Structure formats: structure tokens, C-alpha cells
Amino acid sequence: MKILVPLKRVADPDNANKVKVNGGKLETTGLEWKPNPFDEYAVETALRLTENGTNPKARQGEVVVVTFGPKDTETTLRAALATGADRAIRVDAADDALDGDLVARALKALVEKEKPDLVLLGKQAVDGDSNQVGQLLAEYLGWPQATFAGSIQSEDDKSLVVGREVDGGTLKVRVTLPAVVSVDLRIVAPNSVRGKHTPPTHAYADGVRFAALMAIMAAKKKPLAEVKLADLASDTALKIKYTGFELPPARKAGIKVKAVSELVDKLKNEAKVV
Amino acid sequence: MPDFFDVSRHLSPEERAIQKEVRAFVDARVIPVVGEHFEKGTFPLELIPQIAQLGLLGCNLHGYGCAGLSEVGYGLAMQELERGDSGIRSFASVQGSLVMYPIHAFGSDAQKERYLPKMAKGEIIGCFGLTEPDHGSNPSGMRTVAIEDGDSYVITGTKRWITNGNLAQVALVWAKVGGPNGEVRGFLVPTDAKGFEARLIHKKVSLRASVTSELILEEVRVPKDAVLPGVRGMKGPLSCLTQARYGIAWGVIGAMHACYDSALDYAKNRVQFAGKPIAAHQLVQAKFAEMMTQITSAQLMALEVARLKNEGKLRPQHVSMIKRNNVRAALEIARTCRDILGGNGITLEYPVMRHMCNLETVYTYEGTHDIHTLILGQDATGIAAFE
Ligand SMILES: Cc1cc2nc3c(=O)[nH]c(=O)nc-3n(C[C@H](O)[C@H](O)[C@H](O)COP(=O)(O)OP(=O)(O)OC[C@H]3O[C@@H](n4cnc5c(N)ncnc54)[C@H](O)[C@@H]3O)c2cc1C
């Protein structure tokens, strides 16, 4: 099975206190970047679907990762190559010249060139939380889609049974390949992904795998191609405009109450919660 | 941790990726369990296959399934491991620098084939037996002897303070050939050999998440090809120590990192007097200013010595300087951070006192602080003052 995994780097949420807004614009200089966690889950899922589990070296299929952004986003791609992806593509674009719709349209063109059996992506990026690219892409391609996958079972690599967590249970849908699937957190649980070659008894370590140091060194020799955004999308105008950014208001200091009666009074009359 | 001079700009993309990966590993797998192991006085055995899979064992060696990292990459890996715990880093230092390195540098092809791939995979664990009960700072006075007998050597002696001793399948034992005035050679002794016994050392208050043992060798017979053919005399063990000390000098920056971050976070949130956090008081700020300076100088020294090592210009005295300087700085920082945390600082809820206790060992092993003082003193004056 050939799988295309679009990846996005996001400002490290652990460094949220470094985020600065300047004149209604987000300042990205000095921020540390990391791969969007849901996209890392998608890479892990793709690797699990294309290997036999007990022998991670015996890969059956191909995992191609793609990102949109300036040259330094190649770090994100190299990290995915180090964990096991076979090849990478960077679509050259400035960070602020992209929106979900443009990415989806460019991905459509890329999918038509690469002809993967499956596009696997994170359900959303944790920066903008838009949750759009997967759905738009499926629509533009006219492919079936399954979003928020918490489990995936391959049926001979011809169709997938995707478990989607919904209120009060799991909804199972069968999608015929080629398809677009977006993944949720639970997809990286030990038994969530069953590839065609995964032995039924095999359990993965919980979470995404760590790249071996040797693989990090070897990743710089794996193929990484650069594509121009304009070659994939003739219309690069953005449909989404960010009109301003604001930091959440700083938390105010709490107060100390002197007696339980005062606490009850405040809960009743100020907070109005009891 | 402060990177005040932005020294990370000197790192290659791969070195950055290595640091990130080992950091994520230590956050996910080491830090959540190591405090409890420290408290119980046990080594986290379950981490061995994971550490091996990551490629951390012998990671600056080339071939035989080793990762072949740059010297900076190796240093960063040790740094991140020691941010978890000095005991875990010690495990990796002994395996990589004290056993795999000498086999790689001085071993026969058969020894390399037999040991290195399995040691990189963590399937064979090694220990390094140099120190003896009566010969610590002066290992050349060792009493362990290897007597030739037909096609074998018969080794007798006692080694003490041996990291990984009870975990190991192979012990690299340094012994004098023929008798107390003989030449020092290294022997690869299987720990299941007749006459070999490893006894755990208990009641440690430092490096508790690490196995420390006494090795007793009573007429242990090994074949002639158990000797490391490529090195004779004290140069053998000392060249291993240069490798390991280099890793330690980087490693302790990780311990500084853990302590500094913990204390800074605490100081910003702990409020005493006038509703101000303790970080707003001048005496506390002076501590951070000093620690930041010491961390920065440790980073710069480690990086410069890495460059000397890469250029083949490294002298053992260079390593003595960074071992001495960086470990002392780390220990002082750990003590200062312990102080900043007040009463909370003495618990295992915070990593600080655990690091502080560990660093007492690091200050002593691999050449005590003062032995390195004497090495540097000799380098400066040309006069040896050991005796
Ligand atoms: C937890 C732990 C793990 C260890 N792991 C290993 C291991 O894996 N393999 C191994 O071989 N060894 C290991 N060691 C041993 C370690 O290297 C020795 O403890 C160290 O070399 C010091 O030797 P000593 O303890 O005999 O102290 P001593 O040599 O007796 O030193 C005691 C004090 O005297 C000072 N001193 C000694 N000589 C002089 C001098 N000439 N002038 C001035 N001051 C002097 C020292 O600086 C020190 O302050 C380990 C030690 C510990 C604690």
C-alpha cells in the first residue's frame, strides 16, 4: 500500500508563553517548532500499515510525507524520514501564504501525481485547530473519507474498517481505497492499527515510535524533493484571512476567604454556581 | 535550561534531531520511573532494550551496529540521559566508553565480532573492573594478577565499585601479567566463569538507580585470546577513562538542566514575604545569575573539547579540565537548587536532591576532582605532585 502523509509543523505548545502578538500579527521568530502531534500519529499509523509488526525492517509498501513551508520545515520531514518514512516532498511556500483550502487543493494535484492508495493525516493541526484539510481534500478528489480514526483495520489493502469515536461509543465505517482518513489520538494505542501484514497477536509500544540515532543519521540520505506551490495550484489566493490575534487575558490572582460562610456566600452570589 | 550564548546554533540538523529524540525518550520513559528506582535502590532493567533500540550504546563508535555519532552528538545524547539520572547515564558510559570502546580500539577482530553487535543491542552487558579496595586514585598499584598457565591466564584479585557488575555478562578486568610488578593488560572475562563472583554493594546514598558491585576473582581461568591484544600498560584503562570522562563532562550539563529548570519554576511560583515570589528577591536572583554563568561556561567548554576531539587534537588534560570544571559546577548548582526549593527540595517529588546525591559519585569516580586538579597542576608546572 502506498500512503501519503501530509505533515505540518506547529509552534511548540510547551512554549506558549513565548508567543507574542505584535500589531495584531503573530510573531513566529524565536518560536520552537515541532510536528503537529496528530500528524505524527498519522506517520506512525502509516508505518504500522506498511510493515509486518514483528519485523519492522520488512516493509511492504511506501510512506511518502509531504509538508508545505519554507526551507526550514525540512527538519519536520527529516524527523519523519528518521522514524521510517521512505521519501519526502516539500512544497515551497511562505507560512503566511497558506490556508487549509489552498493546501487541500495543492494536495489534490499532488495526489493525482503520486497516486497513493491512502492519504492519512492528523484530524487537525494544534495551532489553528481548523480541522478542514482532510475533509476538503476528500471532497476535491471525490474520494471516500473517514475522519477522527481511533482504529484502522486493513482488509487486504483494498478497503479499511475505520473505528471513529463518537458520543457513547465507536462508529465503524468501511471505506474503499483510495480514501482519505484523518486520525485521532487513540490510533497510536498498542492494538489500534491492523495492517495486512500485522500478526494478530502483535502489540505495538504505546504512542509514536522513537527514531533510532542511526536512523536519524541515515535520514539525511533519504530522498527529499522540492515542489513549487504554483506547480500544484494555479490559484494561490487565500480564502481565509486572519484579521487579528489576541493573547488570552492574563489570569488574575485569586483571593483568600476567611471563613466557610464567606466562601459559600461568594459561590452563591458572585460565582452563582450554588 | 539557559542557552545564554545560543550555543545550539553550532549544532548540525542531525545533532539537533538527536538531542530532541533522546530528550523525548528521557521525558517519556526515564523520568517517570527513575525516582522510584532511586528510592528502592534498583536499576530500571526494563529500559535496557529501549536504550539499545534507540542506539545509545556505543553511539560514537562506527560499524558493528553502532550509530557512529559525531562527538557532539554523543555528548548531547549523554547530556539528555543524565538529565534523567546520572545512574542511567553511567550505565551507558560504562557499556559504551569503558567496555565497547576498548574492544573497538584494542580488540581482535574475533573479540569485536563476538561482543560489539550484541553489546550495541544490549544483549550483552559489560562492566569495567579497574578500581580495587586499596587502589582507587592510584590504580597502577593494583594487585589483581593474571598468571600464564599453558594456553590460558589465571586471574586472581578483587575489584570494587564496579558499575553494572551484577548485570554484566562480560567484565573487562585490568590485571598485571605474571605478578605484582607485571605489565597491566585488559582481559575479557565472562562473568559465569568458575571462580568469578559479583557482590552487590548496598547502603549507597548516591547513584541508587545504578548497580554497583564488588568483583571477586579467585583463580579465574580464561583462554589466551581473552586478552585485549592492542594495548599494554596503564595506557589501556586510561584511554578508556578519557572517553568516559568526556561523556561525563557533557552528561552533567543534563543534571544541571534538570536542577536549574526545577528551581527556576519553583522560585517563580513560591511566594514568601510581601506577596512576591522568591525569584523577585535579590539573593535568589544572585543564585540564578551565578548558575546561568556556570552552565554557559560548561556548555562552551564541552563544545570546544568536542571540536578538539573531532580534529584529533584532544589531549587527556583537556578532558580533565572539563570533567573537573563541569562536575564541580553541576554539584554546586544541585546544592544551590536544593536550597532554593526549601523543604520541598529534600524530597523525591523533585529531581534536585536525587541529582545532588548522584553528583557526589560523579565528583569522585573517573578520577576524583582533586586528581584532575593534580593532572592540570602538572600540566601547568611540569611537576608531578601525586606522590
Ligand atoms: C558509584 C560508583 C561507581 C563506580 N564505578 C566504577 C567502575 O565501574 N569501574 C571502576 O573501575 N571504578 C569505579 N568506581 C571507582 C572510582 O573510580 C573510585 O572510587 C575513584 O577512583 C576514587 O578512588 P577511591 O574511592 O579509592 O578514593 P581514594 O583514591 O582513596 O581517594 C580518597 C580521597 O583522597 C584524595 N586523594 C587521593 N590521592 C591523592 C593525592 N595524591 N593527593 C591529594 N588527594 C588525593 C582523593 O581526591 C579523594 O578526595 C566507582 C565509584 C563509585 C562511587
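Just so we're clear, the structure is a prediction, and the values are computed from it rather than from any experiment. (Residues numbered from 1 in each chain as written. Chains lettered and ligands numbered in written order. Predicted model: local features only at pLDDT ≥ 70, side-chain atom pairs only at ≥ 80, totals over all residues.)

Visitor: Outline the site of the ligand, listing residues and values.
Guide: All names here are of chain B. As a structural note, the neighbourhood of the ligand is formed by 20 residues, with L130, T131, G136, S137 and W161 the closest of them. Ranked by residue count, the leading element in the shell around the ligand is strand β3 (residues 152-163), at 3 residues. Of the residues contributing to the shell around the ligand, the split by class is 9 nonpolar, 9 polar and 2 charged. (Near = placed C-beta within 6 Å. Helix = DSSP H or I, 4+ residues; strand = E, 2+ residues; numbered from the N terminus. Nonpolar A, V, L, I, M, F, W, Y, C, P; charged D, E, K, R; others polar.)

Visitor: So, the interface of chain A and chain B: which residues are in play, and what are the values?
Guide: Taken together, the contact between chain A and chain B spans 12 residues of the former and 16 residues of the latter. Of all the secondary structure elements, the ones that give two or more residues to the side of chain A that touches chain B are α2 (74-83) and α5 (213-219) of chain A. A class-by-class count of the residues in the side of chain A that touches chain B yields 9 nonpolar, 1 polar and 2 charged. (Contact = placed C-beta atoms within 7 Å.)

Visitor: Outline unusual backbone geometry, listing residues and values.
Guide: The omega torsion of the bond from L177 of chain A to P178 of chain A falls at 0°, within 30 degrees of zero and hence cis. A positive phi angle is found at W161 of chain B, which is not glycine, with a value near 65°. Under the C-beta neighbour-count criterion, W161 of chain B is labelled buried, with 21 such atoms within 10 Å. The residue A274 of chain B is not glycine, and still its phi comes out positive at about 55°. Positionally, A274 of chain B belongs in the loop between α6 (235-269) and α7 (282-310). (Buried ≥ 20, exposed ≤ 12 C-beta atoms within 10 Å, placed from the backbone.)

Visitor: Run through the domain arrangement of chain B, naming residues and quoting values.
Guide: Residue and element names in this part refer to chain B. In terms of domains, chain B is made up of domain 1 (7-120), domain 2 (126-226) and domain 3 (235-381). Measuring from the centre of the C-alpha atoms in domain 1 to the corresponding centre in domain 2 gives 23 Å. Elements with a contribution of two residues or more to the side of domain 1 that touches domain 2: α1 (13-40), α4 (86-106) and α5 (109-120). For the side of domain 1 that touches domain 2, the per-class residue count stands at 13 nonpolar, 9 polar and 1 charged. (Domains from an automatic or database assignment.)

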